[in-house]
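Chains, contacts and geometry: an overview
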Amino acid sequence: RAKDSGRNAIQLFRTTMQEAASARLRLENDLRLALARGEFELHFQPQVDARDGKVVGAEALLRWQHPQLGPQSPAQFIQVLEESGLIVEVGGWVLAEACHFCAQLLADGLVDGERFSLCVNISPRQFRQHDFVERVAGSLRDSQLPNAMLKLEITEGIVIQNIDDTVGKMLRLKKHGVSFAMDDFGTGYSSLTYLKRLPVDMLKIDQSFVRDATNDPNDAEIIRAIVAMARSLGLALIAEGVEQQDQLDFLQAQGCHLYQGYLFSRPLPQEAFRDLLGIQHG
Ligand code: C2E
Ligand code: MG
Ligand code: MG
Ligand code: MG
């Protein structure tokens, strides 16, 4: 009987594996169709300077409305896009759409071209495309967004691939006026040597540190170290995932002034984001 139940367990395991594999294939297929069907949209989350309350930027965040399953979490489907290579096409759409939206905000006088940055997430696979620089330049040209308004968010994962190629592409984009933020800073490779070589302009303190900053001394210490590092390397700094006033108070006391988090605003659909800017202006 032990043998039987062992066999049953293996059978169940196989079935579960097969189900997982076919669910994954279905997901990949649905993602393949999503772009053509117009199921993707971008939401925008404001970035705020706490010193004067001004919205100084926005991060474009991909949203997918699955026709049957409803809204899907990017945390889950971005990885499938990345692994299947679909991220190249979808990422191209994100860049074009985000630049177009931001150019419209500028044309409508809702943002200050000198002070507002549009932040777009770039996945490692997308960044590794041989014509990545040209693609970015193309989106800027098509949208007529001033190049200096675009900031690309990269992660430490990009660096591990090929540092010379990474630095080379970044420098070419910087020549165009584009800037860079290191996303989720502190969670990945975080080598000081790499950070010194990479021409990034801004560090984004990962939300995992912010979450426990006020009750875990280790996280508080990591934040202090990141603030010190940003200062000594002359990099701008923004804290991600700020939800509570005490987190904000702590970060401000450390000398961090830019914020992105639910305390200020959730990511908003385009119309709602425009309304928010309109209120700030009016
Ligand atoms: P990320 O780039 O680190 O983006 C910040 C994430 O934190 C977003 O999750 C945002 O909604 C969430 N967030 C912001 N403030 C708070 C807060 O106060 N509390 C909490 N709990 N969360 C907060 P989202 O939109 O689910 O995106 C998850 C990740 O998916 C992003 O992390 C990014 O890595 C990836 N992603 C999203 N859009 C794109 C895209 O267009 N391209 C690529 N390559 N990746 C994307
Ligand atoms: Mg990001
Ligand atoms: Mg992040
Ligand atoms: Mg992240």
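Report on the accompanying structure. (Residues numbered from 1 in each chain as written. Chains lettered and ligands numbered in written order. Predicted model: local features only at pLDDT ≥ 70, side-chain atom pairs only at ≥ 80, totals over all residues. Heavy atoms only, no water.)

Some thoughts on the overall build of the protein
- Broken down by element type, the protein carries twelve helices and ten strands.
- Against the globule reference of 19 Å for 282 residues, the protein gives a C-alpha radius of gyration of 21 Å, in line with a compact fold.
- Its C-alpha atoms put the protein at 70 × 45 × 40 Å along the principal axes.
- By residue count, 45% of the 282 residues in the protein fall in the buried class.
- Restricting the contact set of the protein to residue pairs at least 6 apart, pairs at least 24 apart contribute 68%.
- Summing over all exposed atoms, the protein offers an accessible surface of approximately 14300 Å²; the carbon and sulfur share of this is 51%. (Helix = DSSP H or I, 4+ residues; strand = E, 2+ residues; numbered from the N terminus. Rg over C-alpha atoms; globule rule 2.2 N^0.38 Å. Buried < 20%, exposed > 50% of the residue type's maximum accessible area, 1.4 Å probe, protein only. Contact = heavy atoms within 4.5 Å. Areas by Shrake-Rupley, 256 points an atom, 1.4 Å probe, with all protein chains shown as cover.)

Description of the coordination of the magnesium ion (ligand 2)
- Protein coordination at the magnesium ion (ligand 2): the donors are Glu 59 (OE), Asn 121 (OD1), Glu 153 (OE) and Asp 183 (OD), at 2.0 to 2.2 Å from the metal.
- Between the donor residues of the magnesium ion (ligand 2), the gaps in sequence give the motif E-x61-N-x31-E-x29-D.
- A gap of 4.2 Å separates the magnesium ion (ligand 2) and the magnesium ion (ligand 3), which Asp 183 links by coordinating each metal. With a gap of 32 residues between them, Asn 121 in strand 4 (residues 117–121) and Glu 153 in strand 5 (residues 150–154) connect regions that are remote in the sequence.
- Take Glu 153: its relative accessible area is 2%, and that puts it in the buried class. (Donors = N, O, S within 2.8 Å, 3.2 Å for Na, K, Ca; no water.)

Brief notes about the pattern of salt bridges
- Throughout the structure, instances matching the rule amount to 17 salt bridges.
- Among the salt bridges present, the one from Asp 52 reaches Arg 115, with a minimum N-O distance of 3.0 Å. Placement of the pair is Asp 52 in the loop between strand 1 (40–49) and strand 2 (54–66) and Arg 115 in the loop between helix 3 (87–107) and strand 4, with a sequence separation of 63 residues.
- Accessibility expressed as a relative area gives 42% for Asp 52, which makes it partly exposed.
- Given the relative accessible area of 33%, Arg 115 is considered partly exposed.
- Lys 204 is the salt-bridge partner of Glu 59, the closest N and O atoms lying 3.0 Å from each other. Within this pair, whereas Glu 59 is found in strand 2, its partner Lys 204 is found in strand 7 (residues 202–205), the two being separated by 145 residues in sequence. No difference in accessibility class separates Glu 59 from Lys 204, as the two residues are buried.
- One continuous salt-bridge network, built from bridges that share partners, spans Arg 24, Glu 28, Arg 32 and Glu 83. (Salt bridge = Lys/Arg side-chain N within 4 Å of Asp/Glu carboxyl O.)

Brief notes about the side chain of Ser 117
- On the secondary structure map, Ser 117 appears in strand 4.
- Since its relative accessible area comes to 13%, Ser 117 is described here as buried.
- Sequence-distant contacts of Ser 117, that is, excluding residues within four places in its chain, are made with Val 56, Gly 57, Ala 58, Met 149 and Lys 151.

Observations concerning the packing of helix 5 (residues 132–143) against helix 7 (residues 163–176)
- Axis separation between helix 5 and helix 7 bottoms out at 10 Å; the angle between their running directions is 20°. As the angle between them shows, helix 5 and helix 7 are arranged roughly parallel. In this structure, the crossing between helix 5 and helix 7 has a hand that is right-handed. Packed against helix 5, whose contacting residues are Phe 132, Val 133, Glu 134, Val 136 and Ala 137, the element helix 7 presents Lys 169, Arg 172, Leu 173 and His 176 at the interface.
- Per-class residue counts for the contact of helix 5 with helix 7 are five nonpolar, one polar and three charged. (Axes fitted to C-alpha atoms, helices over the stretch in contact; angles between N-to-C directions. Parallel < 35°, antiparallel > 145°, perpendicular 65-115°, else oblique. Left-handed = near helix turned anticlockwise from the far one by under 90°. Nonpolar A, V, L, I, M, F, W, Y, C, P; charged D, E, K, R; others polar.)

Some points on helix 2 (residues 74–84)
- Those residues of helix 2 that fall on the buried side of the exposure criterion are Phe 77, Val 80, Leu 81 and Glu 82.
- Just downstream of helix 2, Gly 85 is the residue with a positive phi angle, here 85°.

As for the pairing of strand 5
- The buried fraction of strand 5 is high, at five of five residues.
- Of the two faces of strand 5, the one lined by Leu 150, Leu 152 and Ile 154 and the one lined by Lys 151 and Glu 153 are each fully buried.
- Pairing of strand 4 with strand 5, which is carried by four bridges, proceeds in the parallel orientation. When the sheet's bridge partners are listed, Val 120 is paired in strand 5 with Leu 152.
- For strand 5 and strand 6 (residues 179–185), the ladder comprises four bridges, and the chain directions are parallel. (Pairing = 2+ DSSP bridges.)

The quantities given are spatial measurements derived from coordinates; they are silent on function.
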